[in-house]
Amino acid sequence: MKEIRIDYSKCSGCRLCIEHCPVKVFEDRGDGRPKPERISACIACIGCMAVCEQGAIELVSDWECSG
Ligand code: SF4
Ligand code: SF4
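Residues numbered from 1 in each chain as written. Chains lettered and ligands numbered in written order. Predicted model: local features only at pLDDT ≥ 70, side-chain atom pairs only at ≥ 80, totals over all residues.

**Focus on the overall build of the protein chain**
For clarity, the cut-off: By the criteria applied, helices consist of DSSP H or I runs no shorter than four residues and strands consist of E runs no shorter than two, each listed in order from the N terminus. For the radius of gyration, the atoms used are the C-alpha atoms, and the globule rule reads 2.2 Å times the number of residues raised to 0.38. Field definition: a residue is buried when 20 or more other C-beta atoms are found within 10 Å of its C-beta, exposed when 12 or fewer are, and partly exposed for counts in between, with C-beta atoms placed from the backbone. C-beta atoms are first placed from the backbone for all residues, and any pair lying within 7 Å is then listed as a contact.
Looking only at helices and strands, one finds 2 helices and 4 strands in the protein chain. Since a compact globule built from 67 residues should have a radius of gyration of about 11 Å, the 12 Å found for the protein chain is in line with a globular shape. The proportion of buried residues among the 67 residues of the protein chain is 16%. Taking contacts inside the protein chain between residues at least 6 apart in sequence as the whole, the part at least 24 apart equals 54%.

**A word on the nonpolar core**
Keep this limit in mind: What makes a nonpolar core is a set of buried Ala, Val, Leu, Ile, Met, Phe, Trp, Tyr and Cys residues, with links drawn between C-beta atoms within 7 Å.
One finds Ile 4, Cys 17, Ile 18, Cys 21, Val 25, Phe 26, Cys 48, Cys 52, Ala 56 and Ile 57 forming the largest nonpolar core, which totals 10 residues. Sequence-distant contacts of Val 25, that is, excluding residues within four places in its chain, are made with Pro 36, Glu 37, Arg 38, Ile 39, Ala 41 and Cys 42.

**Brief notes about the site of ligand 1**
What counts here: For each residue, a C-beta atom is positioned from the backbone; the residue is called near a molecule or strand if that atom sits within 6 Å of it. Nonpolar residues are Ala, Val, Leu, Ile, Met, Phe, Trp, Tyr, Cys and Pro. Charged residues are Asp, Glu, Lys and Arg, and all others, Gly as well, are polar.
Residues in contact with ligand 1 amount to 14 residues; listed here are only the nearest, Cys 21, Cys 42, Cys 45, Gly 47 and Cys 48. Partitioning the shell around ligand 1 into residue classes produces 12 nonpolar, 2 polar and no charged.

**With respect to the site of ligand 2**
Near ligand 2 you find 16 residues, and of these Cys 11, Cys 14, Leu 16, Cys 17 and Cys 52 are the closest. Per-class residue counts for the shell around ligand 2 are 10 nonpolar, 4 polar and 2 charged.

**Some thoughts on the environment of Ile 18**
In this fold, Ile 18 is placed in helix α1 (residues 16-20). For Ile 18, a count of 20 C-beta atoms within 10 Å puts it in the buried group. As for Ile 18 and Tyr 8, which are separated by 10 residues in sequence, their C-alpha atoms are 14 Å apart. Filtering out sequence-adjacent residues up to four positions away, Ile 18 remains in contact with Phe 26, Asp 28 and Pro 34.

**Quick notes on unusual backbone geometry**
Residues other than glycine seldom take positive phi values, yet Lys 24 does so here, at roughly 55°. When you line up the elements, Lys 24 lands in the loop between α1 and β2 (26-28). The exposure class of Lys 24 is exposed, given the 11 C-beta atoms found within 10 Å. In this structure, Ala 44 is a non-glycine residue whose phi angle is positive, near 55°. Within the element layout of this structure, Ala 44 appears in the loop between β3 (34-36) and α2 (47-51).

Laid out in structure tokens, this is it:
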């Protein structure tokens, strides 16, 4: 995983992604919104994206499809 982008204009601060992540990548910024703190631990399970009802999370992968 290269980067986790949070669109804070969409994020409602529901904390679902913070609680869902199996490897605790996110810290709470203090307002329920996630701060990707340990991206190197991310196993790219897509869980945080899946639980986010606001579509506020985008995972940017290391690899790119050439096809
Ligand atoms: S993709 Fe999975 S491991 Fe990575 S931050 Fe999201 S929930 Fe955590
Ligand atoms: S699940 Fe989505 S809306 Fe909820 S705190 Fe995470 S990024 Fe924000």
